[in-house]
Amino acid sequence: PFTIIPLVMFAEGARNLPLSSVGLISFLTPSVKFVVAVAFFGEEFSVAFRWAFPLIWVALVLYILDEYGYSHKLCRVRKVCSES
């Protein structure tokens, strides 16, 4: 019964957000957990993690830039379409 409450709250919140925001939150959650584990709980920060963590964030930045470019392109197209 206690685990269903956060799931229901997440599902309700996800319905009210764009899917791109839900995806971004899905990327942020493991990263925040990882930083907390290393900073506060003394988790080992191995060589593999040193390579993987920045690569994941580079991919996330590329995704955000692509999404940003797509939304601006869509906006320009809609302005052109609404004028004609």
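Residues numbered from 1 in each chain as written. Predicted model: local features only at pLDDT ≥ 70, side-chain atom pairs only at ≥ 80, totals over all residues. Heavy atoms only, no water.

Caption draft 1: A look at the confidence of the model for the chain. Put simply, the chain has an average pLDDT of 81, and 81% of its residues get 70 or more. Taking the mean pLDDT of every element in the chain, the minimum, 76, falls on helix α3 (residues 47-83) and the maximum, 89, on helix α1 (residues 4-15). (pLDDT = per-residue confidence, 0-100. Helix = DSSP H or I, 4+ residues; strand = E, 2+ residues; numbered from the N terminus.)

Caption draft 2: Examining the pattern of salt bridges more closely. Here the structure, examined in full by the defined rule, presents 1 salt bridge. A salt bridge links R15 to E12; its shortest N-O distance comes to 3.2 Å. You can see R15 and its partner E12 sitting in helix α1, 3 residues apart, about one turn around the helix. (Salt bridge = Lys/Arg side-chain N within 4 Å of Asp/Glu carboxyl O.)

Caption draft 3: Molecular detail of helix α2 (residues 19-41). With 23 residues, α2 should reach 33 Å at 1.5 Å per residue; the first-to-last C-alpha distance of 32 Å fits that figure. Among the residues of α2, V22, S31, F34 and A37 are the ones counted as buried. Backbone geometry just after α2 places G42 at a positive phi near 70°. (Expected span 1.5 Å × (residues − 1). Buried < 20%, exposed > 50% of the residue type's maximum accessible area, 1.4 Å probe, protein only.)

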